[in-house]
Every structure is written in C-alpha cells, then in structure tokens.
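Now for the letters of each chain:
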Amino acid sequence: MSTIGSTAVLDRTGLEALVTALVAGGRTVVGPAVRDGAIVLAELDSAGQLPYGWGVELEAGRYRLRRREDGAAFAHSAGPQSWKNFLHPQREKLWSADRAPDGGLAVEQELPVRPSYAFLGVRPCDLRAIAIQDRVLAGGLPQALDSARAGDTPSQDTGYAERRKGAFLIAVECSEPGATCFCVSMGSGPGTDSGFDLALTELVDDDGHRFFVRVGSEEGAKLLDTLPCRTADAATASAARTAVAEAVDKMGRAMPPVDLHALMGASLEAERWDDVAARCLTCGNCTMVCPTCFCTTTEEVTDLTGDHAERWQRWDSCFDLDFSHLHDGPVRSSPRSRYRQWLTHKLGTWHDQFDSSGCVGCGRCIVWCPVGIDITEEVAALKTEAER
Ligand code: SF4
Ligand code: SF4
C-alpha cells in the first residue's frame, strides 16, 4: 500500500490509466496538448492527447513547436498559459441583478464555478506560482482555504479558494528546460519536493519510456494503488535524479545573483527605465502570461432594456492606463512608470507584501513579449547601472 513518500514506476499504459481513473472519478483533467501551433493547457479525456513527440524552441519574442524523435510527452517547457487560467480565470461573473415586476431589484450572487480539477504536468516553477497565488488570493493553505469556504474571510477570492481547494496536482519535473527558463536562479526548479499529490519524472532511454512516480499526499497514494504500476527499481530512481540534476546545467538563462529587493528599491530613478520604455509597447502580454500576476478589475454590464445588470471580475494589468486611474487621470501615464511598476513590484515590493518574490523564473514573459524584452537582461542592466 502506498503512503506519502512512496515511489513507483508507470509506463505509458499506466499514465493512460491515471488519466482514465481521474476522469472516471469525476475530475476535469487539464494537461498539455498541441493546439494552434503551441502546447497549450486543455481538458484531456485521455493521455493519448498529450503532446507525445513534440518539443518547443523558445527565445525572446519567439515560440516554435518542433518534432522530437523520442516520443516524450513532457519534454517541453512552459507554454503561453499557466494554471492561473483555470484557478483564477480571465473573466468571472460576480453577481447579477434584475428589475422585479414591483419595481424592486432582485440581486443574485454568482456561486463560483468549481470543477474538480486534476492538473497533469505542473512544472516545479508553476507549483511555486500556485503557492504564491494561494498566499495572495487565499491567504495560504490549507486552513485559510477552509475559512474561505466558510465565507468568513472577506479578503480572500472565494472563487479561487474553492477551485484550488479541490484541485489534484500532478507535477512533472523538468529534464529539458527551455532557452528562456531560469528557475534555478529563482530557487523554484527544475525538481520539486512538495506541493503535489503525485510527482512524475519522465524517462526515455534504453530501458524504455516510463515515469518515475513519487507520492505527495494521501489522495495521491490512494490513486496510485489503483494503477497498473511497478515497484521503483534503484536504476530508475537514480536515472530520474540524474535527469533533473542535469537539467540544472541546461538552463537557458539566469537571474543575476543580486539582492533583487534592494536593487529594485535603489533603482527607482535609474536611466535604464527610459531605455526599456523606448522598446516596451505596454501591451500587457507579460502580465497575462505570468503565472503569479493576479490583478483584476470589475466591470458592470447591462442589457439594452436596463432591466438586467451584471458585475464581472476580469484580469487587469498594471500596463493598462486605467489601472492607475485616480481622480482625473492615470497616476502612471508613461511607459517608463508602468514598466517600472511591474518590475519593482514583481521583484521588490512583492517581498514586502507577500514575503516572497513574484517571479518563479518560468520565462513566459520573455517568450511572449512581442518585442523580446527579457526580465533577466533588464535586471542585469539595472545592476550594472547601480554598481556604476
Ligand atoms: S514588456 Fe513586452 S510584453 Fe510586457 S508590456 Fe512591454 S512590450 Fe508588452
Ligand atoms: S515575471 Fe516572467 S519569468 Fe517571472 S514568473 Fe512572471 S512570466 Fe515567469
């Protein structure tokens, strides 16, 4: 019988059985799949929909799929979406109101949509990002989520807390980081030891295509016991450890080794902000793809009769002019001030607010920036300027 800390080995049939068991148990399984020229996160009915034999080429402002000979399913790094698309969706209705026949108003609160998610293929950097969003949106786990369920902690995002509380997380450690990954320098990858129900390490070698499994929760142990798996042999365990250890040296980038909180605080008037502002389009892509960015705004809509109104919560971005609108206009009207706000919050004042960095080194903001602005390069430039 498996327990927390148990290990096992699944082959492709075992992985298929894992997805089948989750679906049969009423879970909405979400994992990587090839769609529209990218590896996106999508609902899966079977493990056959995983991107077997697909890898990616990443660079600043560039993303391309490429075929792989080895048939690996998880040999790709972060795609355009993160798990926040499911836990903290782009748009969510908060309440609606209808004019009653007697002229009064009937207000209905929208109950959070809470599918019972199983996330397959959560990278260690994204596990860290989920933990950060847990802190920001739900006050941490697990007690705070219970409070949110009871509805007695108004500062929590109830919808997020509901979805997160029921989510089953299957991590997949990284053995092939992309050219824009820098999780090692942020302390968030390529391996992981906590925060998952099951963790897989994919191996494709002379001993076949298989997944080394570690159990991280009682629910994970219970599920593993229902699957066709075999006992983990020492050779497979060692190959898994080696694959993750070798990934450390394959990181495409690194955040400069500097006290980021102090650097951001000392760089408020840096000349580099003018340089980056001349390139930045203030499109907000970096905030949309970032797995930790959490800002939202609310908007009201009515129908043409004026008898029905709704309030929606939707993602917002500090690159949006309206984001800092106060009284007669935006407080941060220039691209310089908006980029500076994003970076100083992410790497500096996030520590003051949430006791951690807001960056996990996934590299998405580098890949999906249309002009290829690279957060590690900007920090290096700020560091050089500060030292000068
Ligand atoms: S840094 Fe890049 S992605 Fe972010 S707002 Fe500027 S142009 Fe857009
Ligand atoms: S700031 Fe960029 S690299 Fe860091 S977590 Fe966000 S998207 Fe990933």
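Trainee: I'd like a rundown of empty space enclosed by the protein, residues and numbers included.
Mentor: By the definition in use, this model includes six cavities of 30 Å³ or more. Looking at the largest cavity, its volume works out to about 150 Å³. What lines the largest cavity is a set of 15 residues, and nearest its centre among them are Leu41, His76, Ala78, Gly79 and Gly121. If one sorts the elements of the lining of the largest cavity by residue count, strand β3 (residues 38–43) sits on top with three residues. In the lining of the largest cavity, the residues fall into seven nonpolar, five polar and three charged. One number sums up the size of the second largest cavity: a volume of about 130 Å³. Lining of the second largest cavity is provided by 16 residues; of these, Cys280, Cys286, Tyr339, Cys369 and Ile373 occupy positions nearest its centre. Listing elements by their share of the lining of the second largest cavity, those giving two or more residues are α11 (285–289) and α12 (335–354). Of the residues in the lining of the second largest cavity, the class split is 13 nonpolar, three polar and no charged.

Trainee: Could you give an account of the site of ligand 1, naming the residues involved and the relevant values?
Mentor: Around ligand 1 sit 13 residues, and of these Cys280, Leu281, Cys283, Cys286 and Cys369 come closest. For the shell around ligand 1, a count of residues per class yields 10 nonpolar, three polar and no charged.

Conventions and cut-offs
Residues numbered from 1 in each chain as written. Chains lettered and ligands numbered in written order. Predicted model: local features only at pLDDT ≥ 70, side-chain atom pairs only at ≥ 80, totals over all residues. Heavy atoms only, no water. 1 Å grid on protein atoms, 1.4 Å probe; cavity = no way out; pocket = protein on both sides within 12 Å on 5 of 7 lines; lining within 4 Å. Points joined across faces, edges and corners; volume = space filled by probe spheres on them. Helix = DSSP H or I, 4+ residues; strand = E, 2+ residues; numbered from the N terminus. Nonpolar A, V, L, I, M, F, W, Y, C, P; charged D, E, K, R; others polar. Near = heavy atom within 4 Å.

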